[in-house]
Amino acid sequence: MIGVLGGGFGLYGHLPAVLNFAPRVGTLARYEEDIVARRELSGLRSQIDFFENEEALIAASSVLVLARRPRDNVRLAVDITARGADVRRLVLEKPVAPTPNEALVLHGLLQDAQLPYATPYLFAYCDWAQSISDLFSSDNRAEVDIEWRHAARNAPLSWKYAAGEGGGAFRFYNIHFLALASDIAVRNGLELNDLRLNVHGDDMILELAAERRRLRVVFTLTRETPDFHVSMNRELVYRATTPFGPLPQRGAPDPRIACLERFYADRVFASQANEMFSGNEAVLRNWMRLEKAEKARRSL
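Basis of the calculations
Residues numbered from 1 in each chain as written. Predicted model: local features only at pLDDT ≥ 70, side-chain atom pairs only at ≥ 80, totals over all residues. Heavy atoms only, no water. Phe/Tyr/Trp six-rings, centres within 6.5 Å; stacked < 30°, edge-to-face > 60°. Helix = DSSP H or I, 4+ residues; strand = E, 2+ residues; numbered from the N terminus. Buried < 20%, exposed > 50% of the residue type's maximum accessible area, 1.4 Å probe, protein only. Lys NZ or Arg CZ within 6 Å of the ring centre and 35° of its normal. Core = buried A, V, L, I, M, F, W, Y, C linked by side-chain atoms within 4.5 Å. Contact = heavy atoms within 4.5 Å. Pairing = 2+ DSSP bridges. 1 Å grid on protein atoms, 1.4 Å probe; cavity = no way out; pocket = protein on both sides within 12 Å on 5 of 7 lines; lining within 4 Å. Points joined across faces, edges and corners; volume = space filled by probe spheres on them. Nonpolar A, V, L, I, M, F, W, Y, C, P; charged D, E, K, R; others polar.

Draft legend 1. The arrangement of the packing of aromatic side chains in detail. All told, the structure shown has 19 aromatic pairs when counted by the stated rule. The interplanar angle of 75° and the centroid separation of 6.3 Å between the aromatic rings of Trp148 and Phe177 together place this pair among those described as edge-to-face. One end of the pair, Trp148, is in strand E7 (residues 143–150); the other, Phe177, is in helix H8 (residues 168–187), and 29 residues separate them in sequence. Like Phe177, Trp148 is buried. Seen from the ring of Phe172, Lys94 lies directly overhead, with NZ or CZ sitting 3.6 Å from the centre.

Right, dumping it as structure tokens:
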């Protein structure tokens with residue numbers, strides 16, 4: 001069985017996505033009221049098994065989705081390895097841990113325990129991302145520019161604003177781009193030989209170069225109209241309100257579900273364990289490398 005822990009995106013994102021791969025999904029009984037209350041989820045009620053506590057759900061799950069705060073996900077993952085549960089694969093929401101140091105420690109622990117895990121860096125599963133990969137494959141001087149003006153919707157005290165908890169411009173929002181660049185580089189046999197990160201509060205510029213190809217991302221938290229656009233070799237190829245299209249609307253399926261389904265098909269149910277570990281480690285080590293360089297820059 002696939003188990004889902006997490007009452008936010010775990011319910012309205014992961015739960016409907018994994019039902020495409022299993023006839024039934026398990027989650028906690030305390031989420032049932034929320035599921036029934038949401039129009040886009042209530043029809044799934046008959047396909048869900050509800051468990052009274054985490055222990056019972058974990059014991060029944062062969063694949064377990066951890067979609068809580070990074071610190072909570074780390075605690076749960078460590079507990080699963082310690083108790084020797086029958087979980088065969090984990091899905092760990094991003095960021096994997098509050099800091100890159102903690103993420104690499106957890107990665108090593110899961111590798112030692114031979115418990116493969118995957119993280120849904122979903123930009124790699126957007127249609128516009130495939131266009132970037134195709135360009136990097138065909139043009140050795142490819143230039144890609146992405147600008148993302150994001151209107152934050154979370155409460156100001158949410159962990160998603162706190163870098164020490166895995167939030168902030170880079171750790172929560174834009175680690176997606178680092179994973180995307182890593183994925184494109186691997187697919188095209190390229191080396192990410194130049195990584196630069198410049199963060200000012202909630203604004204960020206991320207530049208990644210692979211040989212003579214370049215990807216530049218400008219991210220801004222805004223109170224104005226949100227906007228996301230991608231230009232390739234100075235030609236606009238994609239524009240929408242968010243990287244996934246329209247803003248999520250309560251009562252309608254989340255626009256990220258299609259990307260989640262592609263992620264599950266590719267990274268959870270098709271990948272071999274060694275592929276999962278190697279791909280994850282590359283992202284985490286580049287995350288560490290970028291944050292160290294940014295910290296050194298700020299200290300000058």
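Draft legend 2. Highlighting the nonpolar core. Core analysis: the biggest nonpolar cluster contains 99 residues, and Leu90, Trp128, Ile146 and Phe177 have the highest contact counts within it. With 12 residues, H8 is the largest single contributor of residues to this core. Ignoring any residue separated from it by four or fewer positions in sequence, one finds Ile146 in contact with Trp128, Ile132, Phe177, Leu215, Arg216, Val217, Val218, Phe228, His229 and Val230.

Draft legend 3. Region of interest: the sheet that holds strand E1 (residues 2–5). With parallel pairing, six strands are arranged side by side in an open sheet as E3-E2-E1-E4-E5-E6. Two strands bound the open sheet, and with one partner strand each, they are strand E3 (48–51) and strand E6 (117–118).

Draft legend 4. Local environment of the layout of surface pockets. When its volume is computed, the largest pocket comes out at roughly 1,000 Å³. Lining the largest pocket are 38 residues, with Phe9, Tyr12, Lys160, Phe172 and Arg256 positioned closest to its centre. Looking at the lining of the largest pocket, the elements with two or more residues in it are helix H1 (9–18), E7 and H8. Among the elements that line the lining of the largest pocket, the one with the most residues is H8, at three residues. Class assignment of the residues belonging to the lining of the largest pocket gives a composition of 19 nonpolar, eight polar and 11 charged. Roughly 390 Å³ of volume is contained in the second largest pocket. In this structure, the second largest pocket is lined by 19 residues; those nearest its centre are Tyr125, Ala179, Asp183, Arg267 and Gly279. The dominant element in the lining of the second largest pocket, judged by the number of residues it contributes, is helix H10 (residues 273–299), at six residues. Residue composition of the lining of the second largest pocket, by class: eight nonpolar, six polar and five charged.

Draft legend 5. Up close: empty space enclosed by the protein. On inspection of all chains with the given rule, the structure shows one cavity of 30 Å³ or more. Taken as a whole, the largest cavity encloses approximately 70 Å³ of empty space. Taken together, Ile132, Phe136, Ala181, Ile184, Ala185, Leu190, Leu192, Leu208, Ala209, Ala210 and Leu215 make up the lining of the largest cavity. Elements represented by at least two residues in the lining of the largest cavity include exactly helix H7 (127–138), H8 and strand E9 (203–210). Class assignment of the residues belonging to the lining of the largest cavity gives a composition of 11 nonpolar, no polar and no charged.

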